[in-house]
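For reference, the chains in residue letters:
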Amino acid sequence: MRVAVPVRVRPIAVLLLGAAALVACAEPPPPDLSGSRPVTFESRDGVTLEGRLFGDGPTGVVLSHMQPADQRSWFGFANRLADQGYLVLTYDFRGYCPGGEGGCSQGEIQIPAIWQDVLGAMDFIRSQGATTVALVGASMGGTASLVAAGQEGADVAVVVTLSAPTSIEGLDADAALLQRVGANKLFIAGVGDAAAAASAEQLYEIAPPPKAAPEIVPADDHGTDLLTGSRGEAVQRIIETYLAQFAPA
């Protein structure tokens with residue numbers, strides 16, 4: 001007669017699976033801010049904004065955040081660019097006030113006006129020694145970066161957008177505006193973020209040269225989440241490669 005042998009491995013397997021799930025869900029360590037410093041500057045129309053300055057060098061990169069995030073969503077990538085020799089500025093748009101290391105910008109949230117914040121960030125990073133300026137923006141920050149780059153005298157070397165819409169709540173990067181953007185342009189979005197992918201294709205179609213073919217990556221993430229999602233390393237390298245080509249450190 002065959003004797004049934006009790007199975008004793010299942011509880012261990014359950015424990016191991018649970019531990020793996022906890023590891024997978026664990027929050028990443030906070031970014032090291034020891035190489036950065038908090039800064040305060042004004043938007044082009046006079047609103048006091050707070051941000052952080054990373055690194056040093058003659059090429060400045062302004063990182064503009066998405067909604068409802070704030071400058072903290074850029075800290076990890078800012079450190080990475082600073083390590084490559086860039087002077088990098090993150091900041092909170094007007095009305096965004098996470099507090100603590102995240103800073104606290106003044107004013108009310110006014111999305112149609114945030115391109116003035118980008119211009120102020122450009123003025124500030126130039127005051128800190130940048131002779132070449134690149135703009136990288138996520139979602140509404142990408143749209144605002146395009147609008148800022150289209151202003152007279154902007155003199156921007158590169159604009160990179162992550163999931164930027166052509167229009168958001170009165171902030172518009174239309175064909176007339178894009179014709180004034182003489183910077184090298186790269187539009188990035190996730191294929192699973194259908195609206196953003198369509199916007200990236202549309203922005204590419206209506207933007208004049210110089211421009212690169214849009215990068216529609218196999219991901220569902222939006223904005224700065226593309227930097228930390230399943231294709232995060234690839235997306236960061238795409239941006240770094242484009243910067244190195246047209247706005248080297």
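Residues numbered from 1 in each chain as written. Predicted model: local features only at pLDDT ≥ 70, side-chain atom pairs only at ≥ 80, totals over all residues. Heavy atoms only, no water.

The next point concerns the pairing of strand 1 (residues 36-42). Walk down a regular strand and you will see the side chains alternate between the two sheet faces. In this structure, strand 1 lies alongside strand 2 (residues 48-55), joined through seven bridges in antiparallel fashion. Bridge pairing in strand 2 places glutamate 42 opposite threonine 48. In this structure, the hairpin formed by strand 1 and strand 2 is closed by a connection of five residues, where glycine 46 is found at a positive phi of approximately 95°. (Pairing = 2+ DSSP bridges. Helix = DSSP H or I, 4+ residues; strand = E, 2+ residues; numbered from the N terminus.)

The next thing to look at is the sheet that holds strand 10 (residues 215-217). The strand order across the open sheet formed by eight strands is 1-2-4-3-5-6-9-10, and the pairing between neighbours is mixed. For this open sheet the edge positions go to strand 1 and strand 10, each flanked by a neighbour on one side alone. Each neighbouring strand pair of the sheet contributes to a mean axis angle of 20°, computed without reference to strand direction. Running over the sheet, helix 2 (residues 75-83) touches strand 2, strand 3 (59-64) and strand 4 (87-91) and is turned about 45° from strand 2. Helix-sheet contacts for helix 3 (residues 114-127) involve strand 1, strand 2, strand 3, strand 4 and strand 5 (132-138), and the interaxial angle to strand 4 is about 145°. (Axes fitted to C-alpha atoms, helices over the stretch in contact; angles between N-to-C directions. Contact = heavy atoms within 4.5 Å.)

So, about the nonpolar core. Looking at soluble globular proteins, one finds that nonpolar side chains tend to be buried together. Ranked by size, the top nonpolar core spans 46 residues in total, and within it Met122 and Leu135 carry the most contacts. Apart from the residues within four sequence positions on either side, leucine 135 is in contact with Val62, Val118, Met122, Ser145, Ala149, Val156, Val158, Val159 and Val160. Ranked by size, the runner-up nonpolar core spans 34 residues in total, among them Leu81, Leu162, Ala219 and Leu227. (Core = buried A, V, L, I, M, F, W, Y, C linked by side-chain atoms within 4.5 Å. Buried < 20%, exposed > 50% of the residue type's maximum accessible area, 1.4 Å probe, protein only.)

What follows deals with the confidence of the model for the protein chain. Looking at the protein chain, pLDDT values average 91 and 89% of them are 70 or higher. Here helix 1 (residues 10-25) stands out as the least confident element of the protein chain, with mean pLDDT 35; strand 3 is the most confident, with 99. (pLDDT = per-residue confidence, 0-100.)

Per the stated rule, a full pass over the model turns up six aromatic pairs. Each ring, one from phenylalanine 41 and one from phenylalanine 124, has its centre 5.2 Å from the other, and the planes form 20°; the classification is stacked. You can see phenylalanine 41 sitting in strand 1 and its partner phenylalanine 124 sitting in helix 3, a full 83 residues away along the chain. The class for phenylalanine 41 is buried, based on a relative accessible area of 6%. The exposure class of phenylalanine 124 is buried, given its relative accessible area of 12%. Seen from their ring centres, tyrosine 91 and phenylalanine 93 are 5.3 Å apart, and the 85° between their planes marks the pair as edge-to-face. (Phe/Tyr/Trp six-rings, centres within 6.5 Å; stacked < 30°, edge-to-face > 60°.)

The next thing to look at is the pairing of strand 4. A large share of strand 4 lies buried, amounting to five of its five residues. The alternating pattern of strand 4 places Leu87, Leu89 and Tyr91 and Val88 and Thr90 on opposite faces, both of which are buried. In terms of strand pairing, strand 3 meets strand 4 through four bridges, oriented parallel. Residue valine 61 lies in a different strand from strand 4, and its bridge partner there is valine 88.

Here we come to the side chain of glutamine 71. In this fold, glutamine 71 is placed in the loop between strand 3 and helix 2. Owing to a relative accessible area of 1%, glutamine 71 belongs among the buried residues under this scheme. For glutamine 71, the side chain forms a polar contact with the main-chain nitrogen of arginine 52, separated by 3.3 Å. With sequence-adjacent residues up to four places away left out, glutamine 71 is seen in contact with Glu50, Gly51, Arg52, His65, Thr90, Tyr91, Asp92, Glu101, Gly102 and Gly103. (Polar contact = N/O pair within 3.5 Å; in protein donor to acceptor, adjacent residues only side chain to side chain.)

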